[in-house]
Amino acid sequence: MAIENAPELAELALQAEEMSGPTLENEGAAAIAVGLAALAAGYAERGIGAAAVGAIAEDDDMFVPGLIMTVLPETLVILALVVVFVV
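Values in this document were obtained by computation on a predicted structure and should not be read as measured data. (Residues numbered from 1 in each chain as written. Predicted model: local features only at pLDDT ≥ 70, side-chain atom pairs only at ≥ 80, totals over all residues. Heavy atoms only, no water.)

Engineer: Account for the overall build of the protein, with residues named and values stated.
Structural biologist: The helix and strand tally for the protein stands at four helices and zero strands. Across the protein, helices and strands are ordered from the amino to the carboxyl terminus as α-α-α-α. In the protein, which comprises 87 residues, the share counted as buried stands at 11%. (Helix = DSSP H or I, 4+ residues; strand = E, 2+ residues; numbered from the N terminus. Buried < 20%, exposed > 50% of the residue type's maximum accessible area, 1.4 Å probe, protein only.)

Engineer: Please provide a residue-by-residue account of a negative patch on the surface, values included.
Structural biologist: A surface patch of negative charge is lined by E58, D59, D60 and D61. Tracing the backbone shows D60 in the loop between α2 (26-58) and α3 (63-71). (Patch = residues over 30% accessible without salt bridge, like charges linked within 9 Å, V, L, I, M, F, W, Y side chains within 5 Å. Areas by Shrake-Rupley, 256 points an atom, 1.4 Å probe, with all protein chains shown as cover. Salt bridge = Lys/Arg side-chain N within 4 Å of Asp/Glu carboxyl O. Lys, Arg positive; Asp, Glu negative; His and termini not counted. Charge placed at Lys NZ, Arg CZ, Asp CG, Glu CD.)

Engineer: How would you explain a nonpolar patch on the surface if you had to name every residue and give the values?
Structural biologist: A cluster of nonpolar residues, F63, V64, L67, I68, M69, V71 and L72, forms a patch on the protein surface that exposes about 660 Å² of accessible area. Residue placement: V71 occurs in helix α3.

Engineer: Outline α2, listing residues and values.
Structural biologist: Compared with an ideal rise of 1.5 Å per residue, which puts 33 residues at 48 Å, α2 spans 48 Å between its outermost C-alpha atoms and is within 8% of the ideal. E45 marks where α2 bends most, by close to 25°. Within the span of α2, buried status applies to A30, V34, A37, A41, G49 and A52. (Expected span 1.5 Å × (residues − 1). Bend = angle between axes of the 7 residues up to and from the residue.)

Engineer: Outline the packing of α2 against α3, supporting the account with residue identities and numerical values.
Structural biologist: The contact between α2 and α3 brings their axes to 9 Å, and the two run at 175°. If you check the angle between α2 and α3, you find them roughly antiparallel. Between α2 and α3, the residues in contact are E45, I48, G49, A52 and I56 and F63, G66, M69 and T70, respectively. Of the residues belonging to the contact of α2 with α3, the class tally is five nonpolar, three polar and one charged. (Axes fitted to C-alpha atoms, helices over the stretch in contact; angles between N-to-C directions. Parallel < 35°, antiparallel > 145°, perpendicular 65-115°, else oblique. Contact = heavy atoms within 4.5 Å. Nonpolar A, V, L, I, M, F, W, Y, C, P; charged D, E, K, R; others polar.)

Okay, structure coming up:
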């Protein structure tokens, strides 16, 4: 029976494809982009922060380099926000 209805099902699928619009609007795509950038920055800071704390525990002079390395992944999120507002 399914083989007999195949032409009607194919026509219905083609009609649905023509009528459907984009599944993700621009605002949704921007939100996903910023969210993924923030997730990646948090994942990167996890390892960097642990290494920085260990380095600072051994040598107090490593505070500034540790702080700079910890802050660097956040620039990804800032860059993503700038791109969203520019585009």
